[in-house]
Amino acid sequence: MKRLLIILDGSANDRDSLAGAARICRHADAALTVAVARLVPRTIGLFGGLIDSASSQGSAEDITLAARAAFDEICGHQPNAEFVAYQAEAPEIIQAIGHAFDLTIVERISRTDGPEVTALSAALFETGRPALVAPPGRLERFGHRIAATWNGTQQATRAIGSAMALLTRAEEVVLLLGSDMDPGPPLPMADYLRVHGARVSVKPYNSHQLTARGRGRALLAAAREAGADLLVTGAYGDGDGGFGSLGRATQKVVSGAEFPVLLQS
């Protein structure tokens with residue numbers, strides 16, 4: 001995991017978002033690209049090419065200045081952090097360049113529509129890469145105790161594979177098994193993680209006869225009880241860009257987690 005992307009919008013929480021992204025990058029020993037949406041001097045063409053823009057707007061300039069000030073304060077001393085500005089919305093930026101990053105960091109969903117929803121959908125379904133949903137506020141801990149969901153699906157497999165650099169650095173990885181999974185040995189995914197150097201324990205949790213949103217709540221509760229400062233899980237849905245395109249369990253996870261969540265579709 002060498003390149004991480006985060007999109008800023010010049011809002012008041014940019015500093016907290018950047019501080020969290022910087023902590024994640026230090027933990028993963030990764031470079032950070034900080035992109036700002038709806039800005040000059042560059043825009044994204046139809047196929048991801050960069051086109052110079054000669055025009056600018058006062059509001060865009062204000063957003064640029066605010067985001068740049070946050071970047072200089074939080075990341076200015078980090079040699080592996082860069083600041084770029086695009087005349088495009090966040091989902092367009094993610095769709096155009098997200099495939100060239102190991103991870104796109106987005107804010108936790110706080111409503112069922114709007115740019116944050118489409119940005120998450122773009123990160124999950126348009127890049128082929130994982131997304132990390134960060135809760136509001138400063139991130140105090142990250143990646144020391146990781147909960148990873150295992151349910152035998154391709155999505156969970158891809159999420160664990162994408163997070164391997166973090167899983168092998170963790171003090172402990174707690175593999176969370178829903179009620180429909182056999183917790184008894186041997187558990188091939190636990191063995192797989194151990195072969196890669198992760199320190200793994202297995203924890204079943206009750207997901208039997210729950211609604212989809214209930215399964216999401218049960219997963220969050222199991223990760224919380226495990227003391228996790230990161231949850232790794234699959235993301236489910238059809239990716240048409242709306243909140244309703246996410247599976248209901250995924251909806252609950254991306255809107256209710258109080259710790260970072262790394263997801264992959």
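**Section: the overall build of the protein chain**
- When helices and strands are counted, the protein chain shows nine helices and twelve strands.
- Rg of the C-alpha trace for the protein chain: 18 Å, near the compact-globule value of 18 Å for 265 residues, within the 12% margin.
- Projected onto its principal axes, the C-alpha positions of the protein chain cover 65 × 35 × 30 Å.
- Taken across its 265 residues, the protein chain has 51% of its residues classed as buried.
- Taking the contacts inside the protein chain whose residues are at least 6 apart along the sequence as the reference set, 78% of them involve residues at least 24 apart.
- For the protein chain, the exposed area adds up to about 11800 Å²; of that, 50% sits on carbon and sulfur atoms.

**Quick notes on the pairing of strand β8 (residues 145-150)**
- With five of its six residues buried, β8 lies for the most part within the structure.
- Pairing of β8 with strand β9 (residues 172-177), which is carried by six bridges, proceeds in the parallel orientation. Paired with A148 across the bridge in β9 is L175.
- Inspection of the sheet shows β8 paired to strand β11 (residues 230-234) by three bridges, in the parallel sense. By the bridge assignment for β11, I146 is matched with L230.

**What to know about the packing of helix α8 (residues 212-225) against helix α9 (residues 248-256)**
- Where α8 meets α9, the closest approach of the two axes is 7 Å, and the angle between their N-to-C directions is 40 degrees. Between α8 and α9, the crossing angle belongs to the class labelled oblique. In the packing of α8 onto α9, the handedness of the crossing is right-handed. In contact with A212, R213, G216, R217, L219 and L220 of α8, α9 contributes R248, A249, Q251, K252, V253 and G256.
- The residue inventory of the contact of α8 with α9, partitioned by class, reads five nonpolar, three polar and four charged.

**Re helix α3 (residues 90-97)**
- The buried count for α3 comes to six of eight residues, which makes it a mostly enclosed element.
- When α3 is considered as a whole, its buried residues turn out to be A90, P91, I93, I94, A96 and I97.

**A short note on the confidence of the model for the protein chain**
- The pLDDT averaged across the protein chain works out to 90; a share of 91% of its residues lies at or above 70.
- Here residues 52-58 is a poorly scored stretch, pLDDT under 50, and it has nine contacts once near neighbours within four places are set aside; other chains count.

**A word on helix α5 (residues 154-162)**
- Along α5, the positions that sit buried rather than exposed are A156, A159 and I160. Viewed along the axis of α5, the buried residues span an arc of 95 degrees, placing them on a single side of the element.
- Residues of α5 that are buried sit in contact with β8, α6 (164-167), β9, α7 (188-195), β11 and β12 (261-264).

**Things to note about the nonpolar core**
- In terms of nonpolar packing, the biggest core is built from 52 residues, with L18, L32, I160, L175, L193 and V232 touching the most fellow members.
- Top element by residues in this core is helix α1 (residues 14-28). It accounts for seven residues.
- What L193 contacts, discounting residues up to four positions off in sequence, is I160, M164, L167, V173, L175, A198 and V200.
- Judged by nonpolar contacts, the second largest core, of 44 residues, contains L5, I94, A96 and L220.

Reading the values: rules and limits
Residues numbered from 1 in each chain as written. Predicted model: local features only at pLDDT ≥ 70, side-chain atom pairs only at ≥ 80, totals over all residues. Heavy atoms only, no water. Helix = DSSP H or I, 4+ residues; strand = E, 2+ residues; numbered from the N terminus. Rg over C-alpha atoms; globule rule 2.2 N^0.38 Å. Buried < 20%, exposed > 50% of the residue type's maximum accessible area, 1.4 Å probe, protein only. Contact = heavy atoms within 4.5 Å. Areas by Shrake-Rupley, 256 points an atom, 1.4 Å probe, with all protein chains shown as cover. Pairing = 2+ DSSP bridges. Axes fitted to C-alpha atoms, helices over the stretch in contact; angles between N-to-C directions. Parallel < 35°, antiparallel > 145°, perpendicular 65-115°, else oblique. Left-handed = near helix turned anticlockwise from the far one by under 90°. Nonpolar A, V, L, I, M, F, W, Y, C, P; charged D, E, K, R; others polar. pLDDT = per-residue confidence, 0-100. Arc of directions from axis to C-beta. Core = buried A, V, L, I, M, F, W, Y, C linked by side-chain atoms within 4.5 Å.

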